[in-house]
Amino acid sequence: MNSSDEPKGTGNPQAGAASSAPASIAVTAVEKAKPRSGGGGKTPPPPPPPGDDSDGEDDGMLRMSFLQHLEELRGRLIKALWGVAAAFVVSLTFSNELWNFVSQPAVQALKTLGYPPTLKQITPMESFNVIWFKLPVLCAIFLGSPWVLYQVWAFISPGLYRKERRWAVPFVLTSAGLFILGGVFAYFVAFRYGLTFLLSIGNGNHVEPMVSITEYFDLFVNVMLGVGLVFELPVLIFFLTLLRLASPAFLVRHSRYAILIIFIIAAVVTPTPDVFNMMLFAVPMCLLFYVGIFAGYLLVLHRENRRFPWRRVLTIVLPLLLLLAVVGYIAITRHAITLVPHWPFVSR
């Protein structure tokens, strides 16, 4: 019987296996060429965008060794000192004018109490040390505070995320502004009233004060720098929130302990032992504490992509400010009350 008469599909099995081998190899090659997909044949998820991964923020942080940190700290300290030195040279050219400004609280307090409005020089070098060295240094610290605070931020910023470095300009402006505002508050309120109180203790008891310029200036420096540093409290609270070392909720829950610490600090910084002067320091410090909590709360809202209801708050605050302005206008125009550049800032 011829091979052509054999039924179809009944050929040589070896030949069939040989013919099917290339086909199976081709199918395997096609399957390997297809992209693998997990999840039962579903299409793979698209790759995440470059800016959404969690490692993107870490890439913005600079990795530095311990010696590199020390070198960076050394460079920032040198730059800060150069800025203060430049402010010192500028202040040195206005030493006489600055001393007339600094001595005004003493002159006013002595005139108010009926004493000669002069300070005493005890040693030959006393005037030179105070007027031509210590006073320009103090003025240079206040003038150079924005530059010094910028160097502080430049040293801290490599350890922050890229989006957190945007706070550089607000940090420098706010910190320097609060430091200078603290000095202004000390000069026009705390120091003037405290000095008048101290000099009036012996008034009427056959005691005449003899205030040397060194003792006066040392008290002036302690009050000015102390109050200026105390006014940095909102910046400190904001930094604690920024570094996640504290939260506004934690600070509010433990505010009673914070207020107790504030009154202790006010009792130490206050140049007089009376309660009224301590309240002059403590009340602004408590207000600054809650201002810092509010700034930290705004930071938390920014992290959580939420917004503060400014419109609702302004609708309440603006009418109150307008009412206070109307009351002040009536008091000035109808009751002949004028503003004066010393405590209590109003007189008739």
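See the structure printed just above.
A few points on the structure. Since we're looking at a predicted model, the values are computed, not measured.

Attention shifts here to the side chain of T241. Its location among the elements puts T241 in helix 10 (residues 233–242). On the basis of relative accessibility, which here comes to 2%, the residue T241 falls in the buried class. Leaving out residues up to four positions away in the same chain, T241 has contacts with A246, P248, G296, L299, V300 and R303.

Moving on: the packing of helix 8 (residues 168–199) against helix 10. Put simply, helix 8 and helix 10 touch, their axes get as near as 9 Å, and they point 145° apart. On the side of helix 8, the interface is formed by F171, T174, S175 and L178, while helix 10 contributes P234, V235 and F239. The residue inventory of the contact of helix 8 with helix 10, partitioned by class, reads five nonpolar, two polar and no charged.

Turning next to the nonpolar core. Side chains that are nonpolar tend, in soluble globular proteins, to be buried together. Formed by 47 residues in total, the largest nonpolar core has its most connected members in W99, Y216, F217, F220 and F289. Residue assignment for this core shows that the elements contributing at least two residues are helix 4 (95–102), helix 5 (104–113), helix 6 (126–143), helix 8, helix 9 (213–230), helix 10, helix 12 (255–269) and helix 13 (275–303). The residues touching W99, leaving out its near neighbours within four places in the chain, are L119, V130, I131, L135, I213, Y216 and F217. Grouped together as the second largest cluster of nonpolar side chains are twelve residues, A168, V172, V235 and F239 included.

An α-helical segment advances 3.6 residues per turn. Residues three or four places apart therefore align on the same side. Along its 32 residues, helix 8 runs 44 Å from first to last C-alpha, staying within 8% of the 46 Å computed at 1.5 Å per residue. A186 marks where helix 8 bends most, by close to 45°.

Right, let's talk about the pattern of salt bridges for a bit. Scanning the model with the defined rule gives three salt bridges in all. The partner of R306 in a salt bridge is E304, and the shortest N-O contact between them spans 2.6 Å.

This brings us to the packing of helix 8 against helix 13. Taken N-terminus to C-terminus, the directions of helix 8 and helix 13 make an angle of 165°; their axes are 10 Å apart at the nearest point. Taken together, the axes of helix 8 and helix 13 lie roughly antiparallel to each other. Here helix 8 and helix 13 pass one another in a crossing that is left-handed. For the pair formed by helix 8 and helix 13, the contact residues are F185, V189, A190, Y193, G194 and F197 on the first element and F276, N277, L280, F281 and P284 on the second. Among the residues forming the contact of helix 8 with helix 13, the class breakdown is nine nonpolar, two polar and no charged.

With the rule as written, the count across this model stands at 18 aromatic pairs. On the basis of an interplanar angle of 25° and a centroid distance of 4.7 Å, the ring pair of F142 and F179 is categorised as stacked. Here F142 is found in helix 6, whereas its partner F179 is found in helix 8, with 37 residues between them in sequence. Residue F142 shares its accessibility class with F179, and that shared class is buried. Here the aromatic rings of F294 and W310 are separated by 6.0 Å at their centres, their planes lie at 90°, and the arrangement is edge-to-face. In this pair, F294 sits in helix 13 while W310 sits in helix 14 (residues 310–334), placing the two residues 16 residues apart along the sequence.

This part covers a nonpolar patch on the surface. Residues F294, Y297, W310, L314, I316, V317, L318, L320, L321 and L324 make up a contiguous nonpolar surface patch of about 960 Å² in total accessible area. Taken together, the elements giving at least two residues each to the nonpolar patch come down to helix 13 and helix 14. In terms of residue count, the dominant contributor to the nonpolar patch is helix 14 (eight residues). Summarising the element assignment, I316 is placed in helix 14. Residue classification places I316 among the exposed residues on the basis of a relative accessible area of 54%.

About the criteria used
Residues numbered from 1 in each chain as written. Predicted model: local features only at pLDDT ≥ 70, side-chain atom pairs only at ≥ 80, totals over all residues. Heavy atoms only, no water. Helix = DSSP H or I, 4+ residues; strand = E, 2+ residues; numbered from the N terminus. Buried < 20%, exposed > 50% of the residue type's maximum accessible area, 1.4 Å probe, protein only. Contact = heavy atoms within 4.5 Å. Axes fitted to C-alpha atoms, helices over the stretch in contact; angles between N-to-C directions. Nonpolar A, V, L, I, M, F, W, Y, C, P; charged D, E, K, R; others polar. Core = buried A, V, L, I, M, F, W, Y, C linked by side-chain atoms within 4.5 Å. Expected span 1.5 Å × (residues − 1). Bend = angle between axes of the 7 residues up to and from the residue. Salt bridge = Lys/Arg side-chain N within 4 Å of Asp/Glu carboxyl O. Parallel < 35°, antiparallel > 145°, perpendicular 65-115°, else oblique. Left-handed = near helix turned anticlockwise from the far one by under 90°. Phe/Tyr/Trp six-rings, centres within 6.5 Å; stacked < 30°, edge-to-face > 60°. Patch = residues over 30% accessible without salt bridge, like charges linked within 9 Å, V, L, I, M, F, W, Y side chains within 5 Å. Areas by Shrake-Rupley, 256 points an atom, 1.4 Å probe, with all protein chains shown as cover.

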